[in-house]
Amino acid sequence: MGPGPSNVHPRVLQAMAAPTIGHLDPEFLKLMDEVQELLRWVFNTQNRLTIPISATGSAGMEACFANVFERGEKVLIGVNGVFGKRMTEVAKKYGQIAVSFEKEWGKIFEPDFIRVVLESEAGIAGVALVHAETSTGACQPLEEIGKICSKHDVIFLVDTVTSLGGIPVDVDGCNIDVCYSGTQKCLSCPPGLSPVTFSEKALEKISKRKTDIESWYFDLSMLQKYWTTGERVYHHTAPVNMIYALREALLILGEEGLETIFARHNLNSRALLSGMTALGVEPLVEEQYRLPELNTVKIPEGVDDKKVRSTLLNEYGIEIGAGLGPLAGKIWRIGLMGQSSTQKNVVYFLTALEQILKKMGVVSEGGKAVKAAEEVYGE
Ligand SMILES: Cc1ncc(COP(=O)(O)O)c(C=O)c1O
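These remarks concern the structure in this document. Everything numeric here is computed off the predicted structure, so don't read it as measured data. Each chain carries its own residue numbering, running from 1 in the direction its sequence is written. A pLDDT threshold of at least 70 governs which residues receive local features in this predicted model, and a stricter bar of 80 or more applies before side-chain atom pairs are shown or counted, although totals over entire chains, interfaces and linings include all residues.

To characterise two packed helices, one gives the angle between the axes of the helices and the distance between these axes. Their axes nearest at 10 Å, the elements helix α3 (residues 57–68) and helix α4 (residues 82–93) cross at an angle of 50°. By the angle between their axes, α3 is oblique relative to α4. Of the two possible hands of crossing, α3 and α4 adopt the one that is right-handed. Residues Ser 58, Met 61, Glu 62 and Phe 65 of α3 form the contact with α4, whose own contacting residues are Arg 86, Met 87, Val 90 and Ala 91. Fitting a line to C-alpha atoms yields each axis, with helices limited to the stretch in contact; the angle taken between N-to-C directions then spans 0 to 180 degrees. Only DSSP runs of H or I covering at least 4 residues are called helices, and only runs of E covering at least 2 are called strands; the numbering of each starts at the N terminus. Orientation is classified from the angle alone, with under 35 degrees giving roughly parallel, over 145 giving roughly antiparallel, 65 to 115 giving roughly perpendicular, and any other angle giving oblique. In this scheme the crossing of two helices becomes right-handed for a clockwise turn of the near helix relative to the far one and left-handed for an anticlockwise turn of less than a right angle. Once C-beta atoms have been placed from the backbone, residue pairs whose C-beta atoms lie within 7 Å are recorded as contacts.

See the structure below:
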């Protein structure tokens, strides 16, 4: 119940244990095609270039910045947590001008603000935002901003590492041009792959680059030849068993259905937060911007953050996340991602936390938290 990786479905682990076949084996090529189709479905896109990068979410981030923008280009980057900040670091490594705009951690960026910046600042090549900021639990609305980017003909780049498979990610509907994610959060697959997708507008921009891309491993022109064209030219030895895992994880999502999955995440989060509120533990993020897969709550005054987390881990086998940056020591981050988003986990966690807080003398009578959560489940 931390901020990722989430629990992996046993079927995914089993799929990973299948024999490792060649990365150019005709059977594997078929499987690659299937994974691309499944990724288009979960991203809600028709983008032909929709593939997993063979490395973690940060590699997806690098692949997107490295290909779509060039040295000297200006990219507007929203920084309201750890991962927006990481985007600025990545852009700078590739010689791009990261025009970062900051917001208090836990808050989101308003479309009007982006509109004004695009109207007043000349020569912006793209806007980059984090959809689900794992360090704060805030969900950035994308639709309006996508329209604004489209109107200004700039690239819209979005991090969906913690949103994909947990809340709706609508790449085509939100006019997102470049998007990367990760396997270890709501897809409930082990860490190790970063699904990415590029719109035709992004591919056209890449095709018109004046300078060569400054990365060998992430060069999409070569990756495309392996993943999408009939040529199937060797680029790198694909992590074959991870691709088995991703395929299985996406099939499991398909069996449950995205709408059902989103409703499950929503219900478990509401039950968790209702239980927490009954204990006097308040959510950090305003209700309409809360991520159901990553719940952030304020640590009550006088409660020993580290002691609570270590007791949860050592005595109850539950991992939760600590606050980061300006929120260190101030919040807990409770993941209810993918396979980890269950009523059983919510009730067990609330029972454990209530016991711990009771022993610390913070809570007087027991049972309030689970009762409050159960009221939500009973609705
Ligand atoms: C929103 C977000 N972006 C990017 C990353 C980086 O992904 P990874 O740790 O898989 O490299 C993470 C990881 O937690 C994340 O939560």
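There's more to say after this.
As summarised here, the arrangement of the seven strands in space is β1-β9-β8-β7-β4-β2-β3, forming an open sheet in which the pairing is mixed. Strand pairing shows two members of the sheet lacking a second neighbour, β1 (49–53) and β3 (97–102), which therefore form its edges. With direction set aside, neighbouring strand axes in the sheet form an average angle of 20°. Paired strands, as defined in this entry, are two strands with at least two bridges between them according to DSSP. Bridge count for β1 against strand β9 (residues 194–198) is five bridges, and the pairing is antiparallel. The residue bridging Thr 50 from the neighbouring strand is Thr 197, located in β9. The strands touched by α3 within the sheet are β1, β4 (124–130), β7 (155–159), β8 (178–180) and β9, with β8 carrying the most contacts at an inclination of about 160°.

Here we take up the site of the ligand. Whether a residue is near a molecule or strand depends on its C-beta atom, generated from backbone atoms, being within 6 Å of that molecule or strand. Neighbouring the ligand are Gly 4, Thr 56, Gly 57, Ser 58, Phe 83, Val 130, Thr 134, Asp 159, Val 161, Thr 162, Gly 182 and Pro 191. Among the residues making up the shell around the ligand, the classes are represented as four nonpolar, seven polar and one charged. As a working rule, the residues Ala, Val, Leu, Ile, Met, Phe, Trp, Tyr, Cys and Pro are called nonpolar, Asp, Glu, Lys and Arg charged, and the rest polar, with Gly in that last group.

Ranked by size, the top nonpolar core spans 108 residues in total, and within it Cys 64, Val 68, Val 127, Leu 246 and Ala 249 carry the most contacts. For this core, the element with the most residues is helix α9 (residues 240–256), which contributes nine residues. Setting aside anything within four residues of it in sequence, one finds Cys 64 in contact with Leu 157, Val 178, Tyr 180 and Val 196. Nonpolar cores are built from buried Ala, Val, Leu, Ile, Met, Phe, Trp, Tyr and Cys residues. These are joined into a set through C-beta atoms within 7 Å. Labels follow a simple rule on C-beta atoms placed from the backbone: if 20 or more others lie within 10 Å of a residue's own, it is buried; if 12 or fewer, it is exposed; otherwise it is partly exposed.

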